[in-house]
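So you can see what is in the structure, the chains are spelled out below.
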Amino acid sequence: MTRHLLTGTELSSAALDALLTRALELKAAPLSSRALAGRSVALIFEKPSTRTRLSYEVGITELGGYPVLLRPDEMQLSRGESVRDTALVLSRHVHAIGVRTGPDALLAELAAEGSIPVFNMLTALHHPSQALADLMTLREAFPDRPLSALKLAYVGDGNNVARSLCVLGGIAGADVAVASPSGYELEPEAGGSRTSDPVEAVHGADAVYGDVWVSMGDEATADARRAALAPYRIDDALLDAAAPGAIALHCLPAHPGEEITAEVLYGARQRIWDQAENRRHAQKALLEYLLAD
Ligand code: CP
Ligand code: NVA
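This structure is a prediction, so every number in the text was calculated from the model and none was measured.

Enquirer: Which parts of the structure should I look at to understand the layout of surface pockets?
Expert: Using a probe with the size of a water molecule, rolled over the atoms, empty space left in the structure can be pinpointed. The computed volume of the largest pocket comes to approximately 360 Å³. Looking at the largest pocket, it is lined by 23 residues, and the ones nearest its centre are Arg 100, Leu 122, Met 216, Leu 252 and Pro 253. When residues of the lining of the largest pocket are traced back to their parent elements, those giving at least two are helix 2 (51-62) and helix 6 (160-172). In this model, the second largest pocket occupies a volume close to 150 Å³.

Enquirer: Mind showing me how you'd approach the packing of helix 5 (residues 128-141) against helix 11 (residues 272-290) here?
Expert: Two packed helices can be described by the angle between their axes and the distance between those axes. Contact geometry for helix 5 and helix 11: axes closest at 8 Å, N-to-C directions at 110°. On the basis of their axis angle, the class for helix 5 and helix 11 is roughly perpendicular. For the pair helix 5 and helix 11, the crossing hand works out as right-handed. For the pair helix 5 and helix 11, contact is made by Ser 129, Gln 130, Leu 132, Ala 133, Asp 134, Met 136, Thr 137 and Glu 140 and by Asp 274, Gln 275, Asn 278, Arg 279, His 281, Ala 282, Gln 283 and Leu 286, respectively. Among the residues forming the contact of helix 5 with helix 11, the class breakdown is 5 nonpolar, 7 polar and 4 charged.

Enquirer: Looking at this structure, I do not really get the site of ligand 2. What am I missing?
Expert: Around ligand 2, the surrounding shell consists of Leu 122, Asn 159, Asn 160, Val 161, Asp 211, Val 212, Ser 215, Met 216 and Leu 252. Measuring from a nitrogen atom of ligand 2, one finds a side-chain N or O atom of Asn 160 at 2.8 Å. Isolated, ligand 2 exposes 270 Å² of accessible area, and the fraction of that covered by the protein chains is 93%. When atom positions are compared with the pocket grids, ligand 2 is found to occupy the largest pocket. Tallied by class, residues from the shell around ligand 2 come to 5 nonpolar, 3 polar and 1 charged.

Enquirer: Where do I start with the packing of aromatic side chains in this structure?
Expert: Both the distance between ring centres and the angle between the ring planes are used here to describe each pair of aromatic rings. With the rule as written, the count across this model stands at 3 aromatic pairs. Here the aromatic rings of Tyr 154 and Tyr 209 are separated by 5.9 Å at their centres, their planes lie at 35°, and the arrangement is tilted. Of this pair, Tyr 154 sits in strand 5 (residues 151-155) while Tyr 209 is found in strand 8 (residues 207-210), placing the two residues 55 residues apart along the sequence. Relative accessible area serves as the criterion here: at 0%, Tyr 209 is assigned to the buried category. Aromatic side chains Tyr 266 and Trp 273 sit 6.0 Å apart centroid to centroid with 10° between the ring planes, which places their arrangement in the stacked category. Its end group placed over the ring of Tyr 289, Arg 3 keeps NZ or CZ at 4.0 Å from the ring centre.

Enquirer: Quick question: what am I supposed to make of the pairing of strand 6 (residues 175-179) here?
Expert: A regular strand carries its side chains on alternate faces of the sheet. The buried count for strand 6 comes to 4 of 5 residues, which makes it a mostly enclosed element. Between the parallel pair strand 5 and strand 6, the chain is carried across by helix 6, and the sense of this crossover is right-handed.

Enquirer: Is there a simple way to explain the sheet that holds strand 7 (residues 193-195) in this structure?
Expert: Through backbone hydrogen bonds, the strands of a sheet pair up, either in parallel or in antiparallel fashion. Reading across from one edge, 7-6-5-8-9 is the order of the 5 strands in this open sheet, with parallel pairing throughout. Strands at the two margins of the open sheet, each flanked by one partner only, are strand 7 and strand 9 (247-250). Along the sheet, successive strands turn relative to each other by an average axial angle of 25°, direction set aside. Two strands pair when backbone bridges link them, and strand 5 and strand 6 are joined in this way by 5 bridges, in the parallel orientation. In the sheet register, Val 155 faces strand 6, and the bridge partner there is Ala 179.

Enquirer: Could you clarify how one ought to interpret the sheet that holds strand 3 (residues 96-100) in this entry?
Expert: The 4 strands lie next to each other as 2-1-3-4, forming an open sheet whose pairing is parallel. The sheet is open, and its two edges are formed by strand 2 (66-70) and strand 4 (118-120), each paired on a single side. The sheet shows a mean angle of 20° between the axes of neighbouring strands, direction not considered. Relative to strand 3, strand 1 (residues 40-45) is paired through 5 bridges, and the arrangement is parallel. Along strand 3, the bridge assignment pairs Ile 44 with Val 99.

Enquirer: Where do I start with the UniProt feature "domain: Aspartate/ornithine carbamoyltransferase Asp/Orn-binding" (unreviewed entry) in the protein chain in this structure?
Expert: The UniProt feature table records "domain: Aspartate/ornithine carbamoyltransferase Asp/Orn-binding" (unreviewed entry) at residues 150-289. As annotated, residues 150-289 comprises 38% helix and 15% strand, and the C-alpha atoms at either end are separated by 25 Å.

Enquirer: Would you explain the pattern of salt bridges in this entry?
Expert: Once their charged atoms are close, side chains differing in charge can pair, the charge on each being opposite to the other. Following the criterion strictly, the structure yields 18 salt bridges and no others. With its nearest N and O atoms 3.2 Å apart, the salt bridge here joins Glu 62 to Arg 280. Residue Glu 62 is found in helix 2, and its partner Arg 280 is found in helix 11; the two are separated by 218 residues along the sequence. The partner of Arg 225 in a salt bridge is Asp 218, and the shortest N-O contact between them spans 3.3 Å. Assessed through its relative accessible area of 10%, Arg 225 is described here as buried. A relative accessible area of 22% means that Asp 218 is categorised as partly exposed.

The rules behind the values
- Residues numbered from 1 in each chain as written.
- Chains lettered and ligands numbered in written order.
- Predicted model: local features only at pLDDT ≥ 70, side-chain atom pairs only at ≥ 80, totals over all residues.
- Heavy atoms only, no water.
- 1 Å grid on protein atoms, 1.4 Å probe; cavity = no way out; pocket = protein on both sides within 12 Å on 5 of 7 lines; lining within 4 Å.
- Points joined across faces, edges and corners; volume = space filled by probe spheres on them.
- Helix = DSSP H or I, 4+ residues; strand = E, 2+ residues; numbered from the N terminus.
- Axes fitted to C-alpha atoms, helices over the stretch in contact; angles between N-to-C directions.
- Parallel < 35°, antiparallel > 145°, perpendicular 65-115°, else oblique.
- Left-handed = near helix turned anticlockwise from the far one by under 90°.
- Contact = heavy atoms within 4.5 Å.
- Nonpolar A, V, L, I, M, F, W, Y, C, P; charged D, E, K, R; others polar.
- Near = heavy atom within 4 Å.
- Polar contact = N/O pair within 3.5 Å; in protein donor to acceptor, adjacent residues only side chain to side chain.
- Areas by Shrake-Rupley, 256 points an atom, 1.4 Å probe, with all protein chains shown as cover.
- Sits in = over half its atoms within 2 Å of the grid points.
- Phe/Tyr/Trp six-rings, centres within 6.5 Å; stacked < 30°, edge-to-face > 60°.
- Buried < 20%, exposed > 50% of the residue type's maximum accessible area, 1.4 Å probe, protein only.
- Lys NZ or Arg CZ within 6 Å of the ring centre and 35° of its normal.
- Right-handed = clockwise from strand over helix to strand, strands pointing away.
- Pairing = 2+ DSSP bridges.
- UniProt positions renumbered as here; feature names shortened; annotations may be inferred.
- Salt bridge = Lys/Arg side-chain N within 4 Å of Asp/Glu carboxyl O.

Encoded structure:
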C-alpha cells in the first residue's frame, strides 16, 4: 500500500515513535542517509513558505534526492488540466508529491489518482509536517520523559497547526490542551481538551505553543481576530503559570508583540529556533518512511 501523510492519522503510534527516533538520529548525523538517491520529489506550493520550502528542499537534497519545485499557477492545472491527469503524470516522473494548498480535497484526490506517496505541507485544516517537528522538539527538550508523560498547551486560534498538534500529539499519547476564544475554537473531534482560559490550559504544561492569529487565507477577518485573540498572547507571565522548566514553542512566522512577546520569542525558555531547524530532520525521517521499499 502506498503511504501518505495527509492528516497524520495515517501514522500508528509505533510508526510515529520510530519516525521521531529516526529524526533525532538524522539530526545527529545529517548526511548519513542516501535514502532518496536517484529519486525525485515534487514540491507544489500554492501558498507562501519559508521554512517548509527550505526544510523539504534541503532535506531531500541531503538524502541524495532531487526536489522539483512547482507552482500551480505555472502548471497546466491553472489552465484546466485535471488533478487526476496531473497525478498520473507526476507518478511517471517523481517518487513522491508534497503539496501546500488550501483544500485538503486536492491532496486526497492526488493520493487517490496517483500511485506515489503524497504528503501535506500545510492545508487550511492541517499541518502535519509541522507537528512532526514539534513532537521531535519535545522529545529533544525532555529526553528523560516519554511524550505520553508530557502536557502541551496550545494558546490561540484553533487552526491547522492546533489541529495537527491535537491529532499527532494524541497519537503520541501526549496531553494536549487548547485555549481559544469563542468563535475560534477547534472541534472536539481533533482530540485533546478545550478551554477559553489560557491560564487553565497552561497549568502543568511542559510546553506552551503559539501560532499566528491571522493564518494565510484569513486576512479578511484580521481585525476581528486580533481583537478576540488579544488575551491569548504568550508572554513571560503565561509561561510562569506553566510547569517549572516549561518551554515556549511557535511554528513561525511570528509577530512579536502580537501572539507572542519578543521576550519569549528570543528568550531563554524558547525552543522555537531549534523547532524551526527540526523541520528538516523530522521531514527527512518522514520521507524515508514514505519511500521505504
Ligand atoms: N511553519 C511553517 O510552515 O513555516 P512556513 O510557512 O515558512 O513554511
Ligand atoms: N496557521 C498558519 C501557519 C503558518 C505556518 C497559516 O496557516 O498561515
